[in-house]
Amino acid sequence: MKQLIQVKVNGQMYEEEVEPRMLLSFFLREDIGLTGTHVGCVVGECGACSILLDGRLVKSCLLLAVQAHGREITTVEGLASEGAFHPIQEAFVKHYALQCGYCTSGMLLAGHYLLTRKPDSSEEEIRRGLAGNLCMCTGYTQIVDAVKEVAREYKKE
Ligand code: FES
Ligand code: FES
């Protein structure tokens, strides 16, 4: 039997009926159409499905949609504001930190989460902060460079 959930995603309230076993990642993509959250391994290894849940970085393939009831989510679509890229998105473009883009939304949220908590992160800390996110094509150098550069913007906030 479907269950009613209420969840705030990128500042907007959604009220939806979901199957109790529906994964949060599929809820975001299929029920409310936020396809920026990617699904890769579905076992918590690749990080493509990373989102912020009540401000904490989580892998949405490891959660059920019903577990998000009453909570607040930020997906990659919530980073940009008023049609303008977030500085971390601009840094990824500048550093060519993506190729196919499959890992990109997860990388952006992992980098954003890290810098929000620790804007003065060292390169080693950045690499550790992104360790839960795999990239099959770009390699990590450009991604780390992008996160390192944009850290200055987070220090100003
Ligand atoms: S799809 Fe969630 S970690 Fe890979
Ligand atoms: S850019 Fe293709 S997986 Fe990272």
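Here's what I pulled together on the structure shown here.

Calculation rules
- Residues numbered from 1 in each chain as written.
- Chains lettered and ligands numbered in written order.
- Predicted model: local features only at pLDDT ≥ 70, side-chain atom pairs only at ≥ 80, totals over all residues.
- Heavy atoms only, no water.
- Helix = DSSP H or I, 4+ residues; strand = E, 2+ residues; numbered from the N terminus.
- Contact = heavy atoms within 4.5 Å.
- Core = buried A, V, L, I, M, F, W, Y, C linked by side-chain atoms within 4.5 Å.
- Buried < 20%, exposed > 50% of the residue type's maximum accessible area, 1.4 Å probe, protein only.

Moving on: the environment of Asp 120. Looking at the element boundaries, Asp 120 is found in the loop between helix H3 (104-117) and helix H4 (123-129). Once the C-alpha coordinates of Asp 120 and Arg 152 are considered, the two residues, 32 residues apart in sequence, prove to be 8.1 Å apart. Sequence-distant contacts of Asp 120, defined by excluding residues within four places in its chain, comprise Glu 125 and Lys 155.

Core analysis: the biggest nonpolar cluster contains 25 residues, and Ile 88, Phe 92, Met 107, Leu 130 and Ile 143 have the highest contact counts within it. Looking at this core, the elements that each hand over two or more residues are helix H2 (87-94), H3 and helix H5 (141-156). The contact partners of Leu 130, leaving out residues within four places of it in the chain, are Met 107, Ala 110, Gly 111, Ile 143, Val 144 and Val 147. Ranked by size, the runner-up nonpolar core spans 17 residues in total, among them Val 7, Val 9, Met 22 and Ile 51.

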